[in-house]
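Chain by chain, the residues run as shown.
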Amino acid sequence: MAALKPQQPPPPGSIGVALGSGGARGLAHVVVLEALDELGVRPVAIAGASMGAFVGAAYASGLTGRDIRAFVRETLQQRAVFTRKLMAIRIGRFSDLLFAASGNPILLDPELAFDAFMPEGAAKTFEALQIPLAVIAADLEIRAEVVFDSGPLRPVIAGSIAIPGLFRPVAHEGRHLIDGGVVDPLPFESLSGRAEVIVAVDITVGGASRARRLSPVIESVLNATQIMQTAIVAQKLKVRAPEIVLRPPVEAFGVLDFLRFDEIFRAAQPVKGELKRKLERALAD
């Protein structure tokens, strides 16, 4: 359990990628990864928090951006299949998530979510990954960030996506892990010294979903978390910004708008041209 070890100096022309938290808006990460594939750029390391950790683990396992997009479409395009998967990972009643004014706020098991939604063929351990990966989570007891880059992936990724009030915490190595986005929603600092150019994908800014109204408890927790994440990222960038910051225009989507995956992919598409231009300038400097 540690941040990825720096390489001094980083290899010339090397690229590191930090994938931020943001729930369904994290599907925009897939478009960024497709752009890297199309440019023939292979990151030397990836860091991810929450949804960024989930997508990053799939990519670091050897799946291409296009593979991940196809998996997302296959998994989400049939609403009934998606709903069955959600029902299978619930702890409380699924109706509480959408309608209840009160009731058990801890509804989903993040480890079962990992099993249900991680693409088949993804690595089981950090050591089996093709690209080094750092996963950010929060330790509930000591109230601090923890960074993992070794051992089993399932409990660590599950902990990193465990949004408070939506997922229960994950017990792992004597810790109780929750959403990495509450401590480091854009984890580019975990790549310090690993790459000459760090690309950070920020999806923390987002408005309310146009989908059906969530329960007031869940809606309040998600909105408060977004406000906190936006403030954290703004401060981090003020202190020290990475070489490239991308903000796919997905702010119109809510944290749970996974069924709007095609809209998110289309909205994020312009980031491909932006990444190409910024990479060319960064590597030319």
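This text follows the structure it describes.
These remarks concern the structure in this document.

1. Brief notes about the overall build of the protein
When helices and strands are tallied, the protein shows 10 helices and eight strands. Relative to the 2.2 N^0.38 estimate, which gives 19 Å for 285 residues, the radius of gyration of the protein is 18 Å and therefore close to what a compact globule would have. Taken along the three principal axes of its C-alpha coordinates, the protein extends 55 × 40 × 40 Å. When the accessible surface of the protein is split by element, carbon and sulfur atoms take 55% of a total near 12,200 Å².

2. Things to note about the packing of helix α6 (residues 110–117) against helix α7 (residues 153–160)
Between α6 and α7, whose axes approach to 8 Å, the crossing angle comes to 110°. Taken as axis vectors, α6 and α7 run roughly perpendicular relative to one another. When you trace α6 past α7, the crossing you get is right-handed. Residue-level inspection shows Pro 110, Glu 111, Leu 112, Phe 114 and Asp 115 of α6 in contact with α7, the latter providing Leu 153, Arg 154, Pro 155, Ile 157 and Ala 158. In terms of residue class, the contact of α6 with α7 is made up of seven nonpolar, no polar and three charged.

3. Here we look at helix α8 (residues 216–239)
An ideal rise of 1.5 Å per residue puts 34 Å on 24 residues; α8 measures up with 35 Å between its terminal C-alpha atoms. For α8, the complete set of buried residues consists of Ile 218, Leu 222, Thr 225, Gln 226, Gln 229, Val 233, Lys 236 and Leu 237.

4. Remarks on the packing of aromatic side chains
Applying the stated criterion to the full structure yields three aromatic pairs. Where Phe 54 meets Phe 114, the ring centres are 6.2 Å apart and the plane angle is 70°; that geometry is what we call edge-to-face. Here Phe 114 lies in helix α6 and Phe 54 lies in helix α2 (residues 51–60), a separation of 60 residues in the sequence. Here the guanidinium or amino end of Arg 69 rests over the ring plane of Phe 265, the centre of that ring lying 4.5 Å away. The cationic tip of Lys 236 hangs over the ring face of Phe 188; the distance from NZ or CZ to the ring centre is 4.3 Å.

5. What about the pattern of salt bridges?
Under the definition given, this model contains 14 salt bridges. The shortest N-O distance in the salt bridge between Asp 109 and Arg 168 comes to 2.6 Å. Here Asp 109, found in the loop between α5 (94–98) and α6, pairs with Arg 168, found in the loop between α7 and β5 (170–172); they are 59 residues apart in sequence, far enough to count as distant. The buried category is assigned to Asp 109, whose relative accessible area is 8%. Arg 168 sits in the partly exposed class, given a relative accessible area of 37%. With its nearest N and O atoms 2.6 Å apart, the salt bridge here joins Arg 175 to Asp 139. Taken as a pair, Arg 175 in strand β6 (residues 175–178) and Asp 139 in strand β3 (residues 133–139) lie far apart in primary sequence, 36 residues in all. A single salt-bridge network, built from bridges that share partners, covers Glu 34, Glu 38, Arg 69 and Lys 272.

6. A few points about α6
Those residues of α6 lying buried are Pro 110, Ala 113, Phe 114, Ala 116 and Phe 117. Those residues of α6 that are buried are in contact with α2, α3 (65–76), α4 (79–88), α7 and β5. Capping the start of α6, Asp 109 holds a side-chain oxygen 2.9 Å from the backbone nitrogen of Glu 111, two or three residues further along.

7. Concerning the packing of α3 against helix α9 (residues 261–268)
Pairs of packed helices are described in terms of their axes, by the angle between the two and the distance that separates them. Contact geometry of α3 with α9 gives a least axis separation of 10 Å together with a crossing angle of 150°. Classed by the angle they form, the pair α3 and α9 counts as roughly antiparallel. Across the interface between the two elements, Arg 69, Val 72, Arg 73 and Leu 76 from α3 touch Phe 261, Asp 262 and Phe 265 from α9. Of the residues contributing to the contact of α3 with α9, the split by class is four nonpolar, no polar and three charged.

8. Here's the deal with the pairing of strand β4 (residues 144–148)
Pairing analysis gives five bridges linking β3 to β4, with the strands arranged antiparallel. Pairing of Ala 137 across the sheet is with Val 146, part of β4. Joining the antiparallel neighbours β3 and β4 is a turn of four residues, in which Arg 143 adopts a positive phi near 55°.

9. Comments concerning the pairing of strand β2 (residues 45–49)
Of all five residues in β2, five are buried; the element is thus mostly enclosed. Residues Ala 45, Ala 47 and Ala 49 point to one face of β2 and Ile 46 and Gly 48 to the other, with burial holding for every one of them. As a crossover connection, the stretch from strand β1 (residues 15–19) through helix α1 (residues 28–39) into β2 is right-handed. Judged from the four bridges that link them, β2 and β3 form a sheet pairing that is parallel. Pairing of Gly 48 across the sheet is with Val 135, part of β3.

10. Things to note about the environment of Phe 188
Positionally, Phe 188 belongs in the loop between β6 and β7 (197–201). Given the relative accessible area of 0%, Phe 188 is considered buried. For the pair Phe 188 and Gln 8, spaced 180 residues apart in sequence, the C-alpha to C-alpha distance is 17 Å. Every residue in contact with Phe 188, bar those within four places of it in the chain, is listed here: Ala 18, Ile 198, Ala 200, Lys 236, Leu 237, Arg 240 and Pro 242.

About the cut-offs
- Residues numbered from 1 in each chain as written.
- Predicted model: local features only at pLDDT ≥ 70, side-chain atom pairs only at ≥ 80, totals over all residues.
- Heavy atoms only, no water.
- Helix = DSSP H or I, 4+ residues; strand = E, 2+ residues; numbered from the N terminus.
- Rg over C-alpha atoms; globule rule 2.2 N^0.38 Å.
- Areas by Shrake-Rupley, 256 points an atom, 1.4 Å probe, with all protein chains shown as cover.
- Axes fitted to C-alpha atoms, helices over the stretch in contact; angles between N-to-C directions.
- Parallel < 35°, antiparallel > 145°, perpendicular 65-115°, else oblique.
- Left-handed = near helix turned anticlockwise from the far one by under 90°.
- Contact = heavy atoms within 4.5 Å.
- Nonpolar A, V, L, I, M, F, W, Y, C, P; charged D, E, K, R; others polar.
- Expected span 1.5 Å × (residues − 1).
- Buried < 20%, exposed > 50% of the residue type's maximum accessible area, 1.4 Å probe, protein only.
- Phe/Tyr/Trp six-rings, centres within 6.5 Å; stacked < 30°, edge-to-face > 60°.
- Lys NZ or Arg CZ within 6 Å of the ring centre and 35° of its normal.
- Salt bridge = Lys/Arg side-chain N within 4 Å of Asp/Glu carboxyl O.
- Polar contact = N/O pair within 3.5 Å; in protein donor to acceptor, adjacent residues only side chain to side chain.
- Pairing = 2+ DSSP bridges.
- Right-handed = clockwise from strand over helix to strand, strands pointing away.

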